[in-house]
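# A structural walkthrough
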Amino acid sequence: MLFHTLTFWTFFAIVGALYSMLKLRGQNVLLLVAGYVFYGWWDWRFLILIALSTAVDYEVGRRISHSDEPIRRRRWLIVSLVFNLSLLGVFKYLGFAVTQIGSLAHYFGYDGPWWVPHIILPAGISFYTFQSLAYTIDVYKRRTQPAPTLFEYAVYVSFFPQLLAGPIERPGHLLGQVIHPRSRIDDKIFLEGLYLIIRGLFLKIVIADNLGLIANSIFVLPANELSGWEVLAGTYAFAFQIYGDFCGYSTIAQGIARWLGFDLMDNFKQPYFATSPGDFWRRWHISLSSWLRDYLFIPLGGNRSGTACTCRNLMITMLLGGLWHGASWTFVAWGAFHGIWLVMHRLSSKEQSQTRVIPQFWLVAFKMLVTFHLICLSWLLFRAQSINQAWTMLTRLFVDWHWSPLAANSLSMIAVFTLPLVLYEALVEYKGNILALTNAPWPARACVCLAMILGIIYFASDQPSEFIYFQF
């Protein structure tokens, strides 16, 4: 079920109507059933996987919380780590690993038959696996209380608005909302949820899907025949496509959750207004970047053991963050790019004095422009089908800048779709609140929402496209 289809909204209308008539226990039963129906809609066979993951991590959390012996607690944590990482390893990376081993064997002269498993990747496995790991680790660290029952923990894992593409919630935030009674939806919460849903649908249908057509039309061409302008157009288009697609999903999920009485974390905060790589990762896919910080970077030593160790920890974190996205060398290269960028920025940054000096406007604008284009360069690695394609497209930026009809049309369409979005995002950045528009005078709210609704109606496709992050 896709958020921008009639099937989903029929499903949600039924769930919402029943939900409003029930009390806490009945609401949670309904949410569990709805979560499993929603997930099983893709492939019912993977319900076994999510149910098994839920049962294992609940039992691990229960046993950890009931023990005061450090060795026993650590052993149970290892069980959770091995189980969850094995799930990811088998379903996401086994085929890639076998293929690479086969290539290495061929390099050393083995030309015999080589079996490569073809395993279907379960939708959302990276998201709910990391959410489950957060639970067992936080229980082990005594940062959160264990779920009272398996039933309530299952609701936490299978909460359908954010099940397939996040945000990756922490137990201290979402599990408590599952356990405790939720306030009834008033007019303010309803309108905030409606605004978030409209904004998310606009980002997906109007921005992502249309710029995706441009990006796809360029990345499918032979890389060595592209001009620098065409490579630039394809990269710009994908940069805004992936932002509109992923931020759109997270925003719709927030809106749906509001209507169910839940609060989900902000997953994006105007990332293309970032002025440094660290600032970008505080704004982009916040639930993943904060997860990697808290459960990988800090346990590795963080920045506590000197500059060399900090740089090492940054590289390890970003390489694994790139690999989290998929079994491909392009994702590894993307992670390496961001790791190197973070390390170089850290090494080149001067220690700031305790007195914070506000930079001049033009300096901030320059930093934003440079940061944005380095982000776009990383998206070229992310979007490319292979390292060879990425490298060839990159070299075209230095050897051929002839103007072409494809470049002219693509860049014109990108400007048409992105300039209004950039102006709107600038307002949100200035206000510092994604819900700033809901507090504006009603004529302004009405005009913006009407414009977004008309765009959604006009640009809606007969064949809705999946969200990019479903494959992760």
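Residues numbered from 1 in each chain as written. Predicted model: local features only at pLDDT ≥ 70, side-chain atom pairs only at ≥ 80, totals over all residues. Heavy atoms only, no water.

## Focus on the overall build of the protein chain
A count of helical and extended segments in the protein chain gives 17 helices and 0 strands. Against the globule reference of 23 Å for 472 residues, the protein chain gives a C-alpha radius of gyration of 23 Å, in line with a compact fold. Referenced to the eigenvectors of the C-alpha coordinate spread, the extents of the protein chain come out at roughly 70 × 65 × 60 Å. Considering the protein chain as a whole, with its 472 residues, one finds that 52% of them fall into the buried category. Here the analysis covers contacts within the protein chain between residues at least 6 apart in sequence; of these, 77% occur between residues at least 24 apart. As presented, the protein chain carries roughly 23,100 Å² of accessible surface, and 66% of it is formed by carbon and sulfur atoms. Here the protein chain holds 34 positive side-chain charges and 26 negative ones, and the gap between their average locations is 9 Å. (Helix = DSSP H or I, 4+ residues; strand = E, 2+ residues; numbered from the N terminus. Rg over C-alpha atoms; globule rule 2.2 N^0.38 Å. Buried < 20%, exposed > 50% of the residue type's maximum accessible area, 1.4 Å probe, protein only. Contact = heavy atoms within 4.5 Å. Areas by Shrake-Rupley, 256 points an atom, 1.4 Å probe, with all protein chains shown as cover. Lys, Arg positive; Asp, Glu negative; His and termini not counted. Charge placed at Lys NZ, Arg CZ, Asp CG, Glu CD.)

## With respect to the packing of aromatic side chains
Applying the stated rule across the entire model yields 53 aromatic pairs. Between phenylalanine 3 and tyrosine 249, the ring centres sit 4.7 Å apart and the planes meet at 20°, which makes this aromatic pair stacked. Remark: tyrosine 249 occurs in helix H9 (residues 228-259) and phenylalanine 3 occurs in the segment before helix H1 (6-19); sequence separation between them is 246 residues. On the basis of relative accessible area, tyrosine 249 is assigned to the buried category, the value being 1%. Aromatic pair tyrosine 243 and phenylalanine 268: ring centres 6.0 Å apart, planes at 75°, arrangement edge-to-face. Here phenylalanine 268 lies in the loop between H9 and helix H10 (277-281) and tyrosine 243 lies in helix H9, a separation of 25 residues in the sequence. (Phe/Tyr/Trp six-rings, centres within 6.5 Å; stacked < 30°, edge-to-face > 60°.)

## What about a nonpolar patch on the surface?
A cluster of nonpolar side chains, contributed by Ile14, Leu18, Met21 and Leu22, occupies part of the molecular surface with about 390 Å² of accessible area. Relative to the elements of secondary structure, methionine 21 occurs in the loop between H1 and helix H2 (24-40). (Patch = residues over 30% accessible without salt bridge, like charges linked within 9 Å, V, L, I, M, F, W, Y side chains within 5 Å. Salt bridge = Lys/Arg side-chain N within 4 Å of Asp/Glu carboxyl O.)

## Considerations on the confidence of the model for the protein chain
Averaged over all residues, the pLDDT of the protein chain is 89; the fraction at 70 or higher stands at 95%. No element of the protein chain has a lower mean pLDDT than helix H4 (residues 70-107), which averages 84, and none a higher one than helix H6 (residues 150-157), which averages 96. (pLDDT = per-residue confidence, 0-100.)

## Let's talk about helix H13 (residues 329-348)
With 20 residues, H13 should reach 28 Å at 1.5 Å per residue; the first-to-last C-alpha distance of 28 Å fits that figure. Along H13, the positions that sit buried rather than exposed are Thr330, Phe331, Val332, Trp334, Gly335, Ala336, Phe337, His338, Gly339, Trp341, Leu342 and Val343. On the buried face of H13, the contacting elements are H10, helix H12 (307-324), helix H14 (361-383) and helix H15 (387-399). (Expected span 1.5 Å × (residues − 1).)

## Examining the side chain of serine 132
Inspection of the secondary structure assignment puts serine 132 in helix H5 (residues 125-140). Those residues in contact with serine 132 that sit more than four places away from it in its chain are Ser53, Asp57, Asn84, Tyr153 and Val157.

## Topic: H6
Burial within H6 is extensive, with 7 of its 8 residues counted as buried. Of the positions making up H6, those classed as buried are Phe151, Glu152, Tyr153, Ala154, Val155, Tyr156 and Val157.

## A closer look at the packing of helix H3 (residues 47-65) against H6
Taken N-terminus to C-terminus, the directions of H3 and H6 make an angle of 125°; their axes are 10 Å apart at the nearest point. In this view, H3 runs oblique relative to H6, as classed from their interaxial angle. Helix-helix and strand crossings are classified by hand; for H3 and H6 the assignment is right-handed. For the pair formed by H3 and H6, the contact residues are Ile50, Thr54, Ala55, Asp57 and Tyr58 on the first element and Leu150, Tyr153, Ala154 and Val157 on the second. (Axes fitted to C-alpha atoms, helices over the stretch in contact; angles between N-to-C directions. Parallel < 35°, antiparallel > 145°, perpendicular 65-115°, else oblique. Left-handed = near helix turned anticlockwise from the far one by under 90°.)

## Considerations on the nonpolar core
Among the nonpolar cores identified, the biggest contains 139 residues, and Phe160, Tyr272, Trp284, Trp379 and Tyr469 are the most heavily contacted of them. Among the elements that make up this core, the one with the highest residue count is H9 (18 residues). If sequence neighbours within four positions are ignored, tyrosine 272 has contacts with Ala239, Phe240, Ile242, Tyr243, Phe280, Trp284, Phe372, Ile375 and Trp379. (Core = buried A, V, L, I, M, F, W, Y, C linked by side-chain atoms within 4.5 Å.)

## Details of the state of the cysteines
This structure, assessed with the given rule, holds 0 disulfides. The cysteine cysteine 376 is free of any disulfide, with cysteine 247 supplying the nearest cysteine sulfur at 16 Å. Of the residues examined, cysteine 376 reaches a relative accessible area of 3% and is grouped as buried. With no disulfide of its own, cysteine 447 lies closest to cysteine 449 among cysteine sulfurs, the gap being 9.7 Å. (Disulfide = S-S within 2.5 Å.)

## Remarks on the environment of glycine 95
Topologically, glycine 95 is positioned in helix H4. Glycine 95 gets classed as buried once you look at its relative accessible area, which sits at 19%. For the pair glycine 95 and isoleucine 119, spaced 24 residues apart in sequence, the C-alpha separation works out to 7.2 Å.

## A few points about the packing of H6 against helix H7 (residues 171-179)
The geometry of H6 relative to H7 is characterised by a closest axis approach of 9 Å and an angle of 125° between their N-to-C directions. Classified by the interaxial angle, the pair formed by H6 and H7 is oblique. Relative to H7, H6 is oriented so that their crossing is right-handed. Facing H6, whose interface residues are Glu152, Val155 and Tyr156, H7 presents Pro171, Leu174, Leu175, Val178 and Ile179.

## Here's the deal with unusual backbone geometry
A positive phi is found at arginine 142, a non-glycine position, where the angle reads about 60°. Structurally, the position occupied by arginine 142 is in the loop between H5 and H6. The phi torsion at glutamine 270 lies on the positive side, around 45°, for a residue other than glycine. Here glutamine 270 lies in the loop between H9 and H10. A relative accessible area of 9% means that glutamine 270 is categorised as buried.

## Considerations on the environment of serine 217
For serine 217, the position within the fold is in helix H8 (residues 187-219). As for serine 217 and glycine 172, which are separated by 45 residues in sequence, their C-alpha atoms are 44 Å apart. Among the polar contacts listed, one links the side chain of serine 217 to the backbone oxygen of isoleucine 214, at a separation of 2.7 Å. (Polar contact = N/O pair within 3.5 Å; in protein donor to acceptor, adjacent residues only side chain to side chain.)

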